[in-house]
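Okay, here's what each chain looks like letter by letter:
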Amino acid sequence: MKNLTLNAAKIAEVVKGQIVGDPERTITGVSGIREAKNTDLSFVGNKRYEKQLSETAAGIILVCADLAKAAADDRTLIVCENVDYAFSVVVAMFAEEPPVWPVGIHPSAVVSPNAVIGQGVSINANAVIEDGAVIGDGAVIGAGCYIGHDAKVGAGTLLYPNVTIMFRCTVGRKCIIHPGVVIGGDGFGFIPGPQGLVKVPQTGYVQIDDDVEIGANTTIDRARFSKTWIKSNVKIDNLVQVAHNVVIGESSILVAQCAIAGSVEIGRGVILAGKAGINGHITIGDGCQIAGTSSVIKSLPAGSVVVGSPAETQREFMGRLALPSKVEKLKARIEKLEAELEKLSQN
């Protein structure tokens, strides 16, 4: 973390927030709300966590408008429209500069003479660049990476160590791909034959557009034909599985351990929460939100918010969740009516 001192007035100016308390209070770092010291800035973005304000030692706290009246003599609040975003801005101010990757080719790297290497590229120890591969200007190829035949890596893209880009796959400009990612492994395709299961050739490729970030150990399979396509500004967490011929629209988010079966088309701005599963050959419309551990088995129109397995709307889910208690109440009512009828029959 940088050696930096900021006062509340400067922070409020940067995040476009309103100060409640002492504008001259200073901090020298950022921290989580529980771990923060009086020289740290932290944040509380929801009124549900108001209790944390009385428990934290943080000197400056970014808060939502609902908490604007929670100021005290020992702390200063900065009220922000978007607390998470504001905190990210301040964290970036304190963040250390990223590592400087040495320009050039490490002596232990294996680079084909038939590969095209741009200007200012960093190719690190034990990387392998095959025939016909193209590496754009300023790209970083981390230690142990493999770039297959005729694969392309765009300008300014960062591949952390041990990333695999298989043959004919393409990665766009300014992407970030974390360790252990495999792009372009075969899609899972087998059909029954006389001698057992027969492998279906996977003849397509993977296309990843610009400004995509892919988390560690995620796998994106090559298409059976044509392409598996990750469009621009998509953000993918760790341990995500994307099957063959999937299309993911711009600015969508895929959270850890979710899995997408083959030939699914996902619109732009979609959120798949952790461990969500998407059945093959369906369409998820723009702006859909899929809750964690949900299983989507049929296509969803744009703007849908679904939960559960099989996935359904929140209203349907809550109605089904409430059904057992409704049945119990109905049962008690019937028993009461039966008892009353029994009394009447005895008179």
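Because the structure is a prediction, the values reported are computed rather than measured.

1. Some thoughts on the sheet that holds strand β32 (residues 259-260)
At step 1: Taking strand neighbours across the sheet as the criterion, the 10 strands line up as β9-β12-β15-β18-β21-β26-β29-β32-β35-β38 in an open arrangement whose pairing is parallel. Across the chains shown, the open sheet's two edge strands, defined by having one partner strand only, are β9 (110-111) and β38 (295-296).
At step 2: Where strand β18 (residues 164-165) lies against strand β21 (residues 182-185), two bridges are found, and the strand directions are parallel. The residue of β21 that forms the bridge with Ile165 is Ile183.

2. As for helix α1 (residues 8-15)
At step 1: Within α1 the residues assigned to the buried category are Ala8, Ile11, Ala12 and Val15. Buried residues in α1, looked at end-on, bunch into an arc of 100°, giving them a common side.
At step 2: Following α1 by one or two positions, Lys16 adopts a phi angle in the positive range, close to 55°.

3. Some details on the pairing of strand β7 (residues 76-79)
If a strand is regular, its side chains alternate between the two faces of the sheet.
At step 1: Alternating positions in β7 separate into two faces, Thr76 and Ile78 on one and Leu77 and Val79 on the other, with burial throughout.
At step 2: Both strand β2 (residues 18-20) and β7 contribute to a ladder of three bridges, which runs antiparallel. Across the sheet, residue Ile19 finds its bridge partner in β7, namely Ile78.
At step 3: Of the strand pairs in this sheet, strand β6 (residues 60-63) and β7 are connected by four bridges, and their pairing is parallel. Across the sheet, Val63 pairs through a bridge with Val79, a residue of β7.

4. Considerations on the sheet that holds β7
At step 1: Strand order in the open sheet formed by five strands is β2-β7-β6-β5-β4, with mixed pairing between adjacent strands. With partners counted over all chains shown, the strands left at the sheet margins are β2 and β4 (29-30), one partner each.
At step 2: α1 rests against β2, β5 (40-44), β6 and β7 of the sheet, and its axis sits at about 10° to β7.
At step 3: Strands β4, β5 and β6 of the sheet are contacted by helix α3 (residues 83-94), whose axis makes an angle of about 160° with β5.

5. Here's the deal with the side chain of Thr218
At step 1: Mapped onto the secondary structure, Thr218 falls in the loop between β25 (213-214) and β26 (219-221).
At step 2: Residue Thr218 is classed as buried on the basis of its relative accessible area of 0%.
At step 3: Within the structure, the side chain of Thr218 is placed 2.8 Å from the backbone oxygen of Asp237, a separation counted as a polar contact.
At step 4: When sequence neighbours within four positions are dropped, the list of residues in contact with Thr218 reads Gly180, Val181, Val182, Ile236, Asp237, Asn238, Leu239 and Val240.

6. Side note on the packing of α1 against α3
At step 1: Running from amino to carboxyl end, α1 crosses α3 at an angle of 120°, the nearest separation of the two axes being 10 Å. One finds that α1 runs oblique with respect to α3. Remark: the crossing between α1 and α3 carries right-handed chirality. Packed against α1, whose contacting residues are Ile11, Val14 and Val15, the element α3 presents Ala86, Val89, Val90 and Met93 at the interface.
At step 2: Looking at the contact of α1 with α3, its residues break down into seven nonpolar, no polar and no charged.

Scoring rules and cut-offs
- Residues numbered from 1 in each chain as written.
- Predicted model: local features only at pLDDT ≥ 70, side-chain atom pairs only at ≥ 80, totals over all residues.
- Heavy atoms only, no water.
- Pairing = 2+ DSSP bridges.
- Helix = DSSP H or I, 4+ residues; strand = E, 2+ residues; numbered from the N terminus.
- Buried < 20%, exposed > 50% of the residue type's maximum accessible area, 1.4 Å probe, protein only.
- Arc of directions from axis to C-beta.
- Contact = heavy atoms within 4.5 Å.
- Axes fitted to C-alpha atoms, helices over the stretch in contact; angles between N-to-C directions.
- Polar contact = N/O pair within 3.5 Å; in protein donor to acceptor, adjacent residues only side chain to side chain.
- Parallel < 35°, antiparallel > 145°, perpendicular 65-115°, else oblique.
- Left-handed = near helix turned anticlockwise from the far one by under 90°.
- Nonpolar A, V, L, I, M, F, W, Y, C, P; charged D, E, K, R; others polar.

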